[in-house]
Structure formats: C-alpha cells, structure tokens
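Structural features, examined
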Amino acid sequence: LDHANNITFNPHIGQLVVSHCHSPDGHYYRYSFVDPETLTITKTADKEQPFFSMAYSPEKKQYASARWDGETLDFWDQDMNHLKTVDVEWPPTLSQGVFCDAQGVYFVRSSQFGYPPEIRIYDWNGNLTRTVRLLVPSNMEPESISIVGDTAYVVADDWQGNAVIYSLCFEEN
C-alpha cells in the first residue's frame with residue numbers, strides 16, 4: 001500500500017479504498033481496495049489522474065481527490081470514472097488526508113513554509129467555502145480527517161511514534 005496516505009470506506013462495494021500517494025515506481029495514481037474484514041488487498045489499480053488522497057461520499061456516490069499540492073481537485077463517480085477537474089487556489093500548506101460527505105470535501109493540511117495547519121473545505125463544484133486554522137502544537141503533523149455526526153476527528157503524528165487524535169466541534173454562526 002506504499003505510503004497509504006488516506007483510507008475511505010465505500011459501503012456500496014463494502015471495501016476500504018486506500019490511496020497509495022506514491023509508490024516506489026513513482027506512481028501517484030495508485031489505489032487499492034481492501035476487504036475490511038480480512039484486511040487483504042482485493043484489487044490494485046491506477047487512475048488516469050494523480051492524487052495524494054481520495055475519499056468517498058456515500059450520499060453523493062462520488063469520490064473526490066486532489067493532485068500534487070492540492071491546486072487541482074478531481075471528482076469521480078462511484079465506479080471511479082472521472083467526472084471533472086477543477087483548478088483551485090494553490091494552498092501553501094502540506095497535502096495530507098481528505099474526507100467527504102453530502103455537504104462537501106474536507107482536506108486536512110499540515111504546516112509548511114511558515115503557514116499553520118488547516119482544513120480546507122470545498123463544495124462539490126470545487127469552490128472553497130471555508131478555511132479553518134488548526135491550533136495544534138508545532139510538533140504535531142495533522143495527517144487525516146474523519147467526520148462523525150457534528151464532530152471532526154483529526155489524527156496527527158507527534159514525530160515520537162504516537163498518533164494524537166483531536167476532536168473538533170463546529171457551531172453555526
């Protein structure tokens with residue numbers, strides 16, 4: 001599974017979908033289906049567009065992904081057929097994981113070039129709807145994001161071999 005930059009679950013096929021991010025042979029196009037019961041790889045394939053992470057929305061029956069530094073978003077149907085590409089503002093923060101649901105696509109990004117970690121939220125047309133700064137200690141590298149109910153969970157690496165989980169609750173204003 002190489003770097004295994006992101007894992008999403010597609011309930012329509014009953015499989016985990018793992019974004020390889022990069023493989024030893026230089027592919028930034030690779031993903032694998034993994035059986036959630038046995039944790040065995042059931043399929044590995046490449047897509048026509050590169051991506052550092054990909055997530056699935058059961059409500060939309062679509063995948064969303066981003067290329068390279070996050071300056072290009074790609075949208076895919078439930079069978080991973082490419083639907084559209086949207087160029088967005090280049091984020092100066094470091095590409096990490098993604099989560100999506102019916103409301104949008106949520107990219108967690110770690111600090112880079114002096115910019116603090118953040119969550120970039122896009123709608124399903126690729127419009128940036130909100131940027132949320134993450135106030136985490138400087139030794140934490142946010143890696144993944146999941147949303148359950150009204151709570152977002154961000155998993156960070158503390159560079160000491162530990163994962164730290166932050167829970168974020170959002171209020172409407």
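These notes cover the structure that comes with them.

Reading guide: rules and limits
Residues numbered from 1 in each chain as written. Predicted model: local features only at pLDDT ≥ 70, side-chain atom pairs only at ≥ 80, totals over all residues. Heavy atoms only, no water. Pairing = 2+ DSSP bridges. Helix = DSSP H or I, 4+ residues; strand = E, 2+ residues; numbered from the N terminus. Axes fitted to C-alpha atoms, helices over the stretch in contact; angles between N-to-C directions. Core = buried A, V, L, I, M, F, W, Y, C linked by side-chain atoms within 4.5 Å. Buried < 20%, exposed > 50% of the residue type's maximum accessible area, 1.4 Å probe, protein only. Contact = heavy atoms within 4.5 Å. Phe/Tyr/Trp six-rings, centres within 6.5 Å; stacked < 30°, edge-to-face > 60°. Polar contact = N/O pair within 3.5 Å; in protein donor to acceptor, adjacent residues only side chain to side chain. Salt bridge = Lys/Arg side-chain N within 4 Å of Asp/Glu carboxyl O.

With that settled, consider the sheet that holds strand β5 (residues 53-57). Spatially, four strands are ordered β5-β6-β7-β8 in an open sheet, and the strand pairing comes out antiparallel. Each end of this open sheet is capped by a strand with a single partner; those strands are β5 and β8 (82-87). Across the sheet, the mean angle from the axis of one strand to that of its neighbour is 20 degrees, orientation sign disregarded. Pairing geometry for strand β7 (residues 72-77) and β8, over five bridges, is antiparallel. When the sheet's bridge partners are listed, T72 is paired in β8 with D87.

This part is about the nonpolar core. Grouped together as the largest cluster of nonpolar side chains are 15 residues, with contacts concentrated most on L73, F75, V105 and F107. Leaving out residues up to four positions away in the same chain, V105 has contacts with A64, F75, V98, F99, C100, R120, I121, Y122 and W124. Residues F99, Y106, I147 and A156 belong to the second largest nonpolar core, which totals 14 residues.

Before going further, it helps to examine the packing of aromatic side chains. The tally for this structure, following the rule as stated, stands at eight aromatic pairs. Taken together, a centroid distance of 6.4 Å and an interplanar angle of 40 degrees make the contact between W90 and F113 tilted. In this pair, W90 is assigned in the loop between β8 and β9 (94-100) and F113 in the loop between β10 (105-110) and β11 (118-122), connecting sequence segments 23 residues apart. In this structure F113 comes out as exposed when scored by relative accessible area, which is 63%. Among the aromatic residues, those joined into a ring-pair cluster are F52, F107 and Y122.

With six of six residues buried, β7 lies mostly within the body of the structure. Neither face of β7 is open: one carries T72, D74 and W76, the other L73, F75 and D77, and all of them are buried. Alignment of strand β6 (residues 62-67) against β7, held across six bridges, turns out to be antiparallel. Counterpart to R67 in the pairing with β7 is T72. Linking β7 to β8, which pair antiparallel, is a turn of four residues; within it M80 sits at a positive phi near 65 degrees.

Mapped onto the fold, Q49 is located in the loop between β4 (41-46) and β5. At 2.8 Å, the side chain of Q49 and the side chain of R67 are in polar contact. Each residue touching Q49, except ones within four places of it in the same chain, is listed here: Y28, Y29, R67, D74, W76 and H82.

Okay, the sheet that holds strand β15 (residues 163-169) next. Read across the sheet, three strands follow the order β13-β14-β15 without closing on themselves; strand pairing throughout is antiparallel. The open sheet has two edge strands with one neighbour each: β13 (141-148) and β15. Within the sheet, the average angular offset between the axes of one strand and its neighbour, ignoring direction, is 25 degrees. Across seven bridges, the pairing between strand β14 (residues 151-157) and β15 is antiparallel. Its bridge partner lying in β15, A152 is registered against L168.

Moving on, we come to the environment of A152. Here A152 lies in strand β14. When the C-alpha positions of A152 and K60 are compared, they lie 19 Å apart, and in sequence the two are 92 residues distant. Filtering out sequence-adjacent residues up to four positions away, A152 remains in contact with S146, I147, Y166, S167, L168 and F170.

On to the pattern of salt bridges, then. All told, the structure shown has six salt bridges when counted by the stated rule. Across the pair R30 and D25 runs a salt bridge whose closest N-O atoms are separated by 3.4 Å. Across the pair D74 and R67 runs a salt bridge whose closest N-O atoms are separated by 2.7 Å. In terms of burial, D74 and R67 fall into one category: buried.

None of this, on its own, says anything about what the molecule does.
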